[in-house]
Amino acid sequence: QKEVEQDPGPLSVPEGAIVSLNCTYSNSAFQYFMWYRQYSRKGPELLMYTYSSGNKEDGRFTAQVDKSSKYISLFIRDSQPSDSATYLCAMSVSGTYKYIFGTGTRLKVLA
Amino acid sequence: DTGVSQDPRHKITKRGQNVTFRCDPISEHNRLYWYRQTLGQGPEFLTYFQNEAQLEKSRLLSDRFSAERPKGSFSTLEIQRTEQGDSAMYLCASSLGGGGFYNEQFFGPGTRLTVL
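Residues numbered from 1 in each chain as written. Chains lettered and ligands numbered in written order. Predicted model: local features only at pLDDT ≥ 70, side-chain atom pairs only at ≥ 80, totals over all residues. Heavy atoms only, no water.

Draft legend 1. Seen up close, unusual backbone geometry. A cis amide bond, omega 5°, links Gly9 of chain A with the succeeding residue Pro10 of chain A. Among the structural elements, Pro10 of chain A can be located in the loop between strand E1 (4-6) and strand E2 (11-14). We note that Asn51 of chain B has phi near 55°; this positive angle belongs to a residue other than glycine. Along the chain, Asn51 of chain B falls in the loop between strand E5 (44-50) and strand E6 (53-57). Asn51 of chain B sits in the partly exposed class, given a relative accessible area of 35%. (Helix = DSSP H or I, 4+ residues; strand = E, 2+ residues; numbered from the N terminus. Buried < 20%, exposed > 50% of the residue type's maximum accessible area, 1.4 Å probe, protein only.)

Given below as structure tokens:
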């Protein structure tokens, strides 16, 4: 079993929809939770990070962490065709440098 | 452009050949990371440098792989005797690190390796 599990999709939604992306993990020592966006044939770029449990909002994006369930989510409101990309969750243990990534979920927002 | 840069962006080679990739991190970043990403998978950690010291190597990094970061600036990743299974995107990232806190890793555009 992988340390981080993520549904690979693909996920297709109409423009304006609310998108929910999720990851589960097994390592209870993870304390930093990141969401990266990766366009085709590009490097990942950080969208948001969260420390420990709770919610964090940035514009149309909201990240949620539920450490008791070992479950994290990224919500995208009012999705746009430009949001079409692969979304990667990543996690790390505090004081370490190694990120453990999920497989990524491919999202397509249809105009 | 002050981001992480990687060279070359694409490399096609024949099985058995040696290849070398270069990564230039963001200038003040003391930490540098190499990851490998295969099709349909997330990046997998390969190795990590703090300044010029290589502090960790993943078991994914076989003895055909070697990474260096002379003088704590740019880094090179060399693969000797390439195999078809080495075909992947090789990503470099850098961060400004101190211990115990979150340090955002900034990724470069990657080098896509195809081994024929």
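Draft legend 2. Representation of the packing of aromatic side chains. As enumerated under the stated definition, the model contains 16 aromatic pairs over all chains in all. Between the aromatic rings of Tyr99 of chain A and Phe101 of chain A, the centroid separation amounts to 6.2 Å while the plane-to-plane angle is 55°, which identifies the pairing as tilted. The burial state of Tyr99 of chain A is the same as that of Phe101 of chain A; both residues are buried. Following the ring pairs from residue to residue traces out a cluster consisting of Tyr36, Tyr97, Tyr99 and Phe101 of chain A together with Tyr33, Tyr35, Phe45, Tyr48 and Phe107 of chain B. Directly above the aromatic system of Tyr49 of chain A lies the positively charged group of Lys56 of chain A, at a separation of 4.1 Å from the ring centroid. Arg22 of chain B extends its terminal NZ or CZ atom over the ring of Phe74 of chain B, reaching a point 3.9 Å from the ring centre. (Phe/Tyr/Trp six-rings, centres within 6.5 Å; stacked < 30°, edge-to-face > 60°. Lys NZ or Arg CZ within 6 Å of the ring centre and 35° of its normal.)

Draft legend 3. Just the environment of Gln31 of chain A, in detail. Residue and element names in this part refer to chain A. Mapped onto the elements, Gln31 comes out in strand E4 (residues 30-38). Judged by its relative accessible area of 22%, Gln31 is partly exposed. In the structure, Gln31 is positioned 31 residues away from Thr62 in sequence and 18 Å away in space, judged by C-alpha atoms. Among all residues touching Gln31, those that are not within four sequence positions of it are Thr50, Tyr51, Ser52, Lys67, Ser92, Val93 and Ser94. Of the polar contacts made by the side chain of Gln31, one reaches the side chain of Tyr51; its length is 3.4 Å. (Contact = heavy atoms within 4.5 Å. Polar contact = N/O pair within 3.5 Å; in protein donor to acceptor, adjacent residues only side chain to side chain.)

Draft legend 4. A look at the sheet that holds strand E8 (residues 75-79) of chain B. Residues and elements named next belong to chain B. The strand order across the open sheet built from four strands is E1-E3-E8-E7, with neighbouring strands paired in antiparallel fashion. At either margin of the open sheet sits one strand with a lone partner, and together these are strand E1 (5-7) and strand E7 (65-68). Pairwise comparison of adjacent strand axes, ignoring direction, gives a mean angle of 15° for this sheet. Inspection of the sheet shows E7 paired to E8 by four bridges, in the antiparallel sense. Counterpart to Ser66 in the pairing with E8 is Glu78. (Pairing = 2+ DSSP bridges. Axes fitted to C-alpha atoms, helices over the stretch in contact; angles between N-to-C directions.)

Draft legend 5. Here's a closer look at the pattern of salt bridges. Taken as a whole, this structure holds seven salt bridges over all chains when the rule is applied. The residue Asp83 of chain A makes a salt bridge to Arg60 of chain A at a minimum N-O spacing of 2.9 Å. Pair noted here: Asp83 of chain A is in the loop between strand E8 (71-76) and strand E9 (85-93) and Arg60 of chain A is in the loop between strand E6 (54-58) and strand E7 (61-66), with a separation of 23 residues, a long-range link. A salt bridge links Asp24 of chain B to Arg22 of chain B; the shortest N-O distance between them is 2.7 Å. (Salt bridge = Lys/Arg side-chain N within 4 Å of Asp/Glu carboxyl O.)

Draft legend 6. The arrangement of the side chain of His29 of chain B in detail. All names here are of chain B. Within the secondary structure, His29 sits in the loop between strand E3 (19-24) and strand E4 (31-37). On the basis of relative accessible area, His29 is assigned to the buried category, the value being 7%. Side-chain polar atoms of His29 contact the side chain of Ser94, separated by 2.8 Å. Only 3.3 Å separates the side chain of His29 from the backbone nitrogen of Ser95, close enough to count as a polar contact.

Draft legend 7. Focus on the sheet that holds E8 of chain A. Residues and elements named next belong to chain A. The five strands lie next to each other as E1-E3-E8-E7-E6, forming an open sheet whose pairing is antiparallel. Lying at the two open borders of the sheet, with one neighbouring strand each, are E1 and E6. Going across the sheet, the axis of each strand differs from the next one's by a mean of 15°, ignoring polarity.

Draft legend 8. A look at the state of the cysteines. Residue and element names in this part refer to chain B. Taken as a whole and assessed by the stated rule, the structure comprises two disulfides over all chains. One disulfide in the model links Cys23 with Cys92; its S-S distance is 1.8 Å. Disulfide Cys23-Cys92: torsion about the S-S bond near -70°, hence left-handed. Residue Cys23 is found in strand E3, and its partner Cys92 is found in strand E9 (residues 88-95); the two are separated by 69 residues along the sequence. The burial state of Cys23 is the same as that of Cys92; both residues are buried. (Disulfide = S-S within 2.5 Å.)

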